[in-house]
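Structural features, examined
Chain residues, written in single-letter form:
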Amino acid sequence: MSGQLTAASCIAALSLYCSAFAHADVITTQDGSRLVGTVKKVTPNLVEIDTKYAGALTVQMAEVTGLQTDAPLTTRLNDETTVTGVTTMSADRSFQITHETLATSAAIEDIRASWLPDAVPPPESGYDPRHWVTTVGADLTGKKGNTDQYARHVVGAMALVTHRDELKLYGAYTNDQTDNDETADETKLGASYVAHTAGFWGWYIRGEGERDTFEQINLRATGSAGLSMLAIDSPSHTLRFFTGVGYRNESYEDDRPNDSVATLDIGVYQRWELKPWLTMVNNMAIAPAVDDFDNYLFTQDSAFVIPVGTGRWSLQLGVANNYNSRPAPDKDALDTTYYTRLSVMFE
């Protein structure tokens, strides 16, 4: 009986051992080594694999005699064909990429790069698909009784993005009323472009138009351009600083004269995925007048974003501050808004 139990235990242990590698990629090398893990990138010169026992490893392709992936890779060929499927490299250094019933064969010299389908394409691939991302969000609240309150805030943005640059068009409308007295009425439209073509360094240009009847601003037009530094760039964490120069022109609904000033433009953008279900987004910028640092605008918008349902929808819990050091007569310099916003994204 004890012998039977021992044999059963060995079989169970062997099964567990084999199952640990049942879903893994395998690389074999000329010296007989067998590397098991997740292949992250393949080029004609090297293979990158992430292992549990040694972390990330880079193997020169000249040392590789075989490769087998368990999960699909996306591969871009020299003729700009892009295919996704389970990938195998045989001893003659030819690749076969299989997707369902279709198979594509290619010599190693015909391949630019392979990568995980949900990862950013590596630079060697020359592939950075440009696509539009549209987001629409609204937070609508109301109260009726001793005090009648209505708040309507609608935002929208369209962004044409790649990993290296982003063109963004955006707009927002806010209207708040308390007992039929208007406490906010603001319309904002803007556009921006940022490009990182030299590693972490890049450049940006942006412009914005704003009308705020509550603050008696007929039109506030701003424009700026300068340098952008991508301090952190990973799928889960982005941190970008920017600094430049700009121009601000304000015309008013009252008898104040137009105000036109050259400005500095300093700010930071951060997007940090703290958990799969929680992302933090921060935007901060300050634009002081070049000839008078006491004349400035400061904006800040911070929010926690929580996916809802399939991920196309999200709930944002945030706070936004707008500070104008030269407010309209009888108006506060600081406006603070706490919001709960439901947004939907289209790609």
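Our subject is the structure listed above.
As the structure is a prediction and not an experimental result, all values here were calculated from the model.

**Some points on the packing of aromatic side chains**
With the rule as written, the count across this model stands at three aromatic pairs. Look at Tyr193 and Trp203: their rings are 5.3 Å apart centre to centre, the planes differ by 55°, and that puts the pair in the tilted class. Highlighted residues: Tyr193 in strand β14 (residues 181–198) and Trp203 in strand β15 (residues 201–212), separated in sequence by 10 residues. Judged by relative accessible area, which is 23%, Tyr193 ranks as partly exposed. Residue class for Trp203 comes out partly exposed when judged on its relative accessible area of 41%. A centroid spacing of 5.7 Å and a plane angle of 20° characterise the contact between Tyr296 and Tyr323, whose relative ring orientation is stacked.

**Examining the pairing of strand β22 (residues 334–346)**
Here strand β11 (residues 131–143) pairs with β22 via five bridges, running antiparallel. Bridge assignment links Gly137 to a residue of β22, and that residue is Ser343. Note that strand β21 (residues 313–324) and β22 share 11 bridges and pair antiparallel. Counterpart to Ser314 in the pairing with β22 is Ser343.

**Quick notes on empty space enclosed by the protein**
Counted by the stated rule, this structure contains one cavity of 30 Å³ or more. Taken as a whole, the largest cavity holds about 40 Å³ of empty space. The wall of the largest cavity is formed by Glu215, Ile217, Arg220, Glu250, Tyr252, Arg256, Asn324, Arg326, Pro327 and Ala328. Elements supplying a minimum of two residues to the lining of the largest cavity: β16 (217–233) and β17 (237–252).

Basis of the calculations
Residues numbered from 1 in each chain as written. Predicted model: local features only at pLDDT ≥ 70, side-chain atom pairs only at ≥ 80, totals over all residues. Heavy atoms only, no water. Phe/Tyr/Trp six-rings, centres within 6.5 Å; stacked < 30°, edge-to-face > 60°. Helix = DSSP H or I, 4+ residues; strand = E, 2+ residues; numbered from the N terminus. Buried < 20%, exposed > 50% of the residue type's maximum accessible area, 1.4 Å probe, protein only. Pairing = 2+ DSSP bridges. 1 Å grid on protein atoms, 1.4 Å probe; cavity = no way out; pocket = protein on both sides within 12 Å on 5 of 7 lines; lining within 4 Å. Points joined across faces, edges and corners; volume = space filled by probe spheres on them.

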